[in-house]
Amino acid sequence: MPKFIVDFMLGRLARWLRIFGYDAEYYSGVSRTGLLYQSLKEKRILLTRDHVLSRKRAWQFLLIKSNFFLDQLKQIKDETGIEFDSNRLFSRCTFCNVVVETIDKQKIKGKVPEYVYATHDEFSHCPKCKRIYWAGTHLELLQQQCEGKELWKKTVKH
Ligand SMILES: [Zn+2]
């Protein structure tokens with residue numbers, strides 16, 4: 001799976017890549033040189049809206065055309081060939097970019113809304129910030145947002 005690093009103008013895009021399970025680093029206040037260094041060092045595709053930056057040497061880069069995140073995701077999909085697979089949704093913390101770990105249902109009692117606890121059996125949490133994720137997290141919102149864009153492949157979990 002390709003890894004990404006995004007410039008400071010694309011924080012929202014980084015969050016969305018993480019929602020889809022992709023490793024997307026985002027630092028605010030980092031210099032252009034810092035971004036390029038990180039891209040080369042960790043073989044990350046640099047996503048940027050910065051024309052100056054796009055002329056320098058990153059490991060790989062993609063100059064993002066649109067201001068709108070769904071079109072940005074579509075461009076990444078079209079130009080890198082990555083898949084947005086519903087099976088990988090919320091496998092990574094959207095705040096920390098860390099892979100989440102499954103956690104026993106008993107351990108999170110009282111930490112999620114009661115209706116969520118009653119209607120879900122599988123939960124995971126971020127080892128770093130301890131945020132709790134479950135299969136339904138924002139799923140409806142996500143489906144509405146992605147409608148018409150044919151952005152993601154819906155696969156059935158067995
Ligand atoms: Zn986290």
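Residues numbered from 1 in each chain as written. Predicted model: local features only at pLDDT ≥ 70, side-chain atom pairs only at ≥ 80, totals over all residues.

Formed by 28 residues in total, the largest nonpolar core has its most connected members in Phe4, Val6, Leu17 and Leu47. Elements with a minimum of two residues in this core: strand 1 (3-6), helix 1 (11-19), strand 2 (24-26), strand 3 (44-48) and helix 4 (69-80). The dominant element in this core, judged by the number of residues it contributes, is helix 1, at five residues. If we skip the residues at most four places from it in the chain, Leu47 touches Phe4, Val6, Leu10, Leu13, Leu62 and Ile64. (Core = buried A, V, L, I, M, F, W, Y, C linked by C-beta atoms within 7 Å. Buried ≥ 20, exposed ≤ 12 C-beta atoms within 10 Å, placed from the backbone. Helix = DSSP H or I, 4+ residues; strand = E, 2+ residues; numbered from the N terminus. Contact = placed C-beta atoms within 7 Å.)

Further remarks concern unusual backbone geometry. Even without being a glycine, Lys43 presents a positive backbone phi close to 50°. A positive phi angle, near 70°, is found at Lys130, a position not held by glycine. Note that Lys130 resides in the loop between strand 7 (123-125) and strand 8 (132-134).

Relative to strand 3, strand 1 is paired through four bridges, and the arrangement is parallel. Its bridge partner being in strand 3, Val6 is matched across the sheet by Leu47. Pairing of strand 1 with strand 2, which is carried by three bridges, proceeds in the parallel orientation. Directly across from Phe4, in strand 2, lies its bridge partner Ala24. Note that the unit made of strand 1, helix 1 and strand 2 has a crossover that is right-handed. (Pairing = 2+ DSSP bridges. Right-handed = clockwise from strand over helix to strand, strands pointing away.)

Before going further, it helps to examine the confidence of the model for the protein chain. On average, residues of the protein chain score 87 in pLDDT, and 89% of them are at 70 or above. By mean pLDDT, strand 9 (residues 152-153) is the weakest element of the protein chain at 65, and strand 1 is the strongest at 96. (pLDDT = per-residue confidence, 0-100.)

As summarised here, the arrangement of the three strands in space is 6-7-8, forming an open sheet in which the pairing is antiparallel. The outermost strands of the open sheet, each flanked by one partner alone, are strand 6 (101-103) and strand 8. Along the sheet, successive strands turn relative to each other by an average axial angle of 45°, direction set aside. (Axes fitted to C-alpha atoms, helices over the stretch in contact; angles between N-to-C directions.)

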